[in-house]
Amino acid sequence: MEDRKFVFSVGCGDAWLSYSSITPIAMCTTREKAVDLIIQHAENNEIELSDYDIHNLMEIGQTQGKETNYIIDLIELDTLL
């Protein structure tokens, strides 16, 4: 039996994370790596992330209530969308 393969797609967008506003910034193998890269991206772009934002990224895969928000989507490879 073949193992299922997943990637984590990381993006940033507007306050509502509307689909058309999301800019892809990374593809990752783990949620932890996705959060690390978001932290790095935020620092490089002078975007403030609180401990609550990081908690939300780990728990629900997105930040909320900010001018620029981040989102993490879990994508299963080799499947139909």
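Residues numbered from 1 in each chain as written. Predicted model: local features only at pLDDT ≥ 70, side-chain atom pairs only at ≥ 80, totals over all residues. Heavy atoms only, no water.

Engineer: Sorry, what's going on with the sheet that holds strand β1 (residues 6-13) here?
Structural biologist: Backbone hydrogen bonds hold the strands of a sheet together, and the pairing may be parallel or antiparallel. In spatial order, the strands read β2-β1-β3; together these 3 strands make up an open sheet with antiparallel pairing. The open sheet has two edge strands with one neighbour each: β2 (23-28) and β3 (69-76). For this sheet, the mean inter-axis angle between neighbouring strands, taken without regard to orientation, is 25°. Where β1 and β2 come together, 5 bridges link them in antiparallel fashion. Looking at β2, one finds that S9 is bridged to M27. Its contacts with the sheet place helix α1 (residues 31-44) against β1, β2 and β3, and it is angled at close to 150° to β3. (Pairing = 2+ DSSP bridges. Helix = DSSP H or I, 4+ residues; strand = E, 2+ residues; numbered from the N terminus. Axes fitted to C-alpha atoms, helices over the stretch in contact; angles between N-to-C directions. Contact = heavy atoms within 4.5 Å.)

Engineer: For this particular structure, what's the right way to read the nonpolar core?
Structural biologist: Membership of the largest hydrophobic core comes to 13 residues, with the highest contact counts inside it found for V10, C28, A34, I38, L57, Y70 and I72. Counting residues per element, the ones that place at least two in this core are β1, β2, α1 and β3. Here this core takes 4 residues from α1, the largest share from any one element. Aside from chain neighbours lying at most four places away, what touches A34 is F8, V10, C28 and I72. (Core = buried A, V, L, I, M, F, W, Y, C linked by side-chain atoms within 4.5 Å. Buried < 20%, exposed > 50% of the residue type's maximum accessible area, 1.4 Å probe, protein only.)

Engineer: Before we go on, may I ask you to explain the pattern of salt bridges in this structure?
Structural biologist: Opposite charge on two side chains permits them to pair, given that their charged atoms come into close proximity. Tallied over the full model, the rule gives 1 salt bridge. Residues D53 and K66 are paired through a salt bridge, measuring 3.2 Å at the closest nitrogen-oxygen approach. Taken together, the positions of D53 in helix α2 (residues 51-59) and K66 in the loop between α2 and β3 put the pair 13 residues apart, joining distant regions of the chain. (Salt bridge = Lys/Arg side-chain N within 4 Å of Asp/Glu carboxyl O.)

Interpretation in functional terms is not warranted from these geometric data alone.
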